[in-house]
Amino acid sequence: MAAAQPSGTVTLVFTDIEGSTRLLERLGLVRYRAALAEHRTAIRDACGRHGGYEVHYEGDSFFYAFGQAADAVTAMRDALAALDEAPVSVRVGIHTGTPAPDPPKYVGIDVHRAARIVDSAHGGQIVLSRETVVALDGHGDLELVDLGEHRFKDIRLPERLYQLGSAKHPPLRSLYRLTLPVPGTPFLGREAEVAEVVARLADPDVRLLTLTGPGGTGKTRLALRAAEEASAHFPDGTTWTGLAPLGEADLVLPAILQGLGARDERGEPPLTALTEALLGRRALLVLDNAEHLVDGVADLAAALIAACPTIALLVTSRERLELSAETVWPVPTMSARDGEALFLARARAAGVSLDADDAICELCERLDRLPLAIELAAAQTPVLSPDEMLDELADRLPSLATRARDVDERQRTIESTIAWSYDLLAPEEQRVLRALGVFAGGCTTAAAVDVTGASADLLEALVAKSLLARRTDETGTARYAMLETIRDFARRRLDESGDAGEVADRHIDWLEGVAMAHARAARIRDENALAALRSEWPNARAALVHCSERERPAPAHQILCGFAFSWLTGGAVDEGDSLARMVVAIPSEPSHGLGWSYALAGQFAQTRGEPTRAAELACRAVSILEETGPPGDVAAVHADLGIQLADLGDLESAARHARRALEIRREVGEESGIGHALQTVAYVEKAEGDLAASVATNHEAVEYWESSGYPLEAISALTEAGRAERLVGHADGAESTLRIALGRSLTAQDGPVTAAIVTELGLLAAGRGAHRRAVELLAHGTTLAETSESAAVDVTDELEALRELLPADEYERAWERGRVRTIDDARVLLGDDPAARANDEEVSAA
């Protein structure tokens, strides 16, 4: 039974008898007809066994289509094997694409590409396009030889072709071959980056394009692929010159001439010979790794641009050439998806088959998604799993060595790649780069100057050399940052220099100043202060680690106190909790700073839903601050302890600490402190079952919070008042109070508080019989608690009851609607959403 015509992605096969006219003359008509018959039988039998669809046959040529590339290749291998002793010599071209069916034939550029491929082949040779090779992924038993890049008549882009088997054949019959090196591994991903670079090269106004970036970002491979893709715009050829082996700028010109195949037979200067070879040609010169010869390359580029108006230059360098005609394109790191794909592909090449998982994703992130780093890591998969590599990353750079003999010496480890750039720096630049390694997550210009003593000009010089990057943070402030891999290198060199301790102390002192400058404003939710602190979270972590290592408790206490509120309200509770544990573990005499650090550690534990640990920490804080702290701080920790003891069921002790907190606050007369103490008393009253008292006390706390300028604390008190009103059965009052709280919380974008309010509204809806809306709200509250790293209210029993009251599909739809919402989606609860109002009306009618 004949195969049906395949559609969609189709593998096209053209076959042809090489030298058929000469064969007819040699064999004579009778024998030639017999040879043709044998040829037809072999092709048709093989294609028939593997599902081939015969598109066309004419004379000595076949055109077949296959639904699977592997079937096409296997069929052709079988056919040529059957004809091994025959007098005919068949050549084969295979290409995979999406031609348009025009029964019984096909139309489209893919048909022409397949025909051009077979025309370039020789008898006994099976030539495949890159697309077919990609479609063969997973068929590792096929031996393929990369034949390089080739151009064909009327085909705009060049084709990278491969040969099936290792038999020797003459060069393919293509128009010309690009003088580009053939990488040992395939290029993966980065389609957007390639397209952008190609677009720049295609622009006739771009005469010099420099791809910049630190070692390991993939400048060379990106330039190579872009040069291939852009070759249609340079019909007179593309020439690649690798500059890495050249020790002197005078060697650049001869190397380019050699790449062009041009020779000076008249004794003219090399520059004259080069310009004459290029004059009038629309050609592309690619100069790879120019950083160590940057002055000489810049002079040559300027001369060529002036003398040869039709050529373009593509240069890779770790710093720009600083020419007026230069367009600079910084090479980014890989996308997360491309980084993982590269790791998996290189692992397969090392003989290890892996599937994408969280460990590989984290590994690529830890390696900054640097292609070189990922490739070197993947090369270790025969001996280390991704999880083991993550454990090894404390000593990342030395562990990622490669022993491959064909790898450039500079690329043998990531450290040697970065070291090559480092060794090109002036001594003062090296010193500053080492010191900048103390910063985590980058730094402002002022911070860099303060800690490292660098000048602004020197920092910009490091940016120009691709060792630093300039970016803008969420406050609009310019910051300098380096890839983590480069930072690791800088820190190692800093340790070796003997200056690490001094630099770490300067970093600690600087960050202590940052914390003290913003602590008060952050406490009253000043967004500028909170944003400034969020920008320095990585530095705070690094500084606290330094404090722990160097046993400097005093600045650690100040930094923790300054940053704690930004962690508590910014979705970084786990981070704050971990750092607070570390700070209170630093050896220290009893002090106000230590006592307050214990109090903050207790707040983090309470927010994480660990009341026992929170109470233990708060007890320790009380004992220290009773001796060392001012009255306001003593009252604050009594209040914290009151809440934590109430959660543990020790209501008598909880009430005692809550009343003591209120007593101290009233003595001091600070309104915000009174608000805090009142809210604590209300919390204990609710725990005792006196809900009416709790409602009144919370509303009184709201007044004190608002008059003292603490809007989020007022929201918290409103929420507690609404919760107590719900529990006491005042549904309308609870709805009104909670809606006011929600509106303010959404304005403040406070995730943990919004999660609590939405959950309360969900419980209220359940009590009113609005079952679908209750499920949606409870799902949303749970989601917000998860995303803000806060403790979610346990509503398991309520959800189980709602599941019994609703049809299964209706429950699941409501749950999914709630789960996908963000914090801003809670605005529908204010009545701005028609669907929400309609649902409310439906419930009311029921």
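Our subject is the structure listed above.
Residues numbered from 1 in each chain as written. Predicted model: local features only at pLDDT ≥ 70, side-chain atom pairs only at ≥ 80, totals over all residues. Heavy atoms only, no water.

1. Digging into the overall build of the protein chain
And then number 1: Scanning the protein chain from N- to C-terminus turns up 38 helices and 17 strands.
And then number 2: In the protein chain, of all internal contacts separated by at least 6 residues, the share reaching a separation of at least 24 is 70%.
And then number 3: Of the roughly 36500 Å² of accessible surface on the protein chain, a fraction of 50% belongs to carbon and sulfur atoms. (Helix = DSSP H or I, 4+ residues; strand = E, 2+ residues; numbered from the N terminus. Contact = heavy atoms within 4.5 Å. Areas by Shrake-Rupley, 256 points an atom, 1.4 Å probe, with all protein chains shown as cover.)

2. Here we look at the pattern of salt bridges
And then number 1: Tallied over the full model, the rule gives 46 salt bridges.
And then number 2: Across the pair Arg-431 and Glu-428 runs a salt bridge, and its minimum N-O distance is 2.8 Å. A residue pair is termed a helical-turn pair when its members lie 3 or 4 positions apart in one helix, as Arg-431 and Glu-428 do in helix H17 (residues 427-436) at 3 residues.
And then number 3: Measuring nitrogen to oxygen at the nearest pair gives 3.0 Å for the salt bridge that ties Glu-810 to Arg-772. Highlighted residues: Glu-810 in helix H37 (residues 808-819) and Arg-772 in helix H35 (residues 771-787), separated in sequence by 38 residues.
And then number 4: Under the relative-accessibility criterion, Arg-772 is labelled partly exposed at 27%.
And then number 5: Taken together, the salt bridges that share partners define one network made up of Asp-146, Arg-160, Arg-225, Glu-228 and Glu-229. (Salt bridge = Lys/Arg side-chain N within 4 Å of Asp/Glu carboxyl O. Buried < 20%, exposed > 50% of the residue type's maximum accessible area, 1.4 Å probe, protein only.)

3. Regarding the side chain of Asp-338
And then number 1: Relative to the elements of secondary structure, Asp-338 occurs in helix H11 (residues 336-349).
And then number 2: Overall, Asp-338 belongs to the buried group, its relative accessible area being 9%.

4. Some words on unusual backbone geometry
And then number 1: With an omega of 5°, the peptide bond running from Pro-103 to Pro-104 counts as cis.
And then number 2: Along the chain, Pro-104 turns up in the loop between strand E5 (100-102) and strand E6 (105-107).
And then number 3: A positive phi is found at Asn-289, a non-glycine position, where the angle reads about 65°.
And then number 4: Inspection of the secondary structure assignment puts Asn-289 in the loop between strand E12 (284-288) and helix H10 (294-307).
And then number 5: Relative accessible area serves as the criterion here: at 9%, Asn-289 is assigned to the buried category.
And then number 6: A positive phi angle, close to 55°, is found at Arg-369, a residue other than glycine.
And then number 7: Relative to the assigned elements, Arg-369 resides in the loop between helix H12 (358-366) and helix H13 (371-378).

5. Describing helix H4 (residues 109-120)
And then number 1: Between its first and last C-alpha, H4 extends 17 Å over 12 residues, near the 16 Å set by a 1.5 Å rise per residue.
And then number 2: Considered for burial, the residues of H4 that qualify are Asp-110, Val-111, Arg-113, Ala-114, Ala-115, Ile-117, Val-118 and Ser-120. (Expected span 1.5 Å × (residues − 1).)

6. So, the sheet that holds strand E9 (residues 159-164)
And then number 1: On the basis of which strands lie adjacent, the open sheet formed by 7 strands has the order E2-E3-E1-E4-E7-E9-E8 and mixed pairing. Either end of the sheet is taken by a strand with one partner, and the two such strands are strand E2 (53-58) and strand E8 (144-150). Each adjacent strand pair in this sheet contributes to an overall mean axis angle of 20°, direction not counted.
And then number 2: Sheet topology note: the strand E1 (residues 10-17)/strand E4 (residues 90-97) ladder contains 8 bridges and is antiparallel. Its bridge partner lying in E4, Phe-14 is registered against Gly-93.
And then number 3: Its contacts with the sheet put helix H3 (residues 69-82) on E1, strand E3 (61-66), E4, strand E7 (126-129) and E9, and the angle it makes with E4 is roughly 175°.
And then number 4: Packing of H4 onto the sheet brings it into contact with E1, E3, E4, E7 and E9, and relative to E4 it is tilted by some 155°. (Pairing = 2+ DSSP bridges. Axes fitted to C-alpha atoms, helices over the stretch in contact; angles between N-to-C directions.)

7. Topic: the environment of Gly-296
And then number 1: Its location among the elements puts Gly-296 in helix H10.
And then number 2: Taking the C-alpha atoms as reference points, Gly-296 and Asp-250, 46 residues apart in sequence, are found 7.6 Å from one another.

Note that every value here comes from positions in space, so none of it alone points to a role or purpose.
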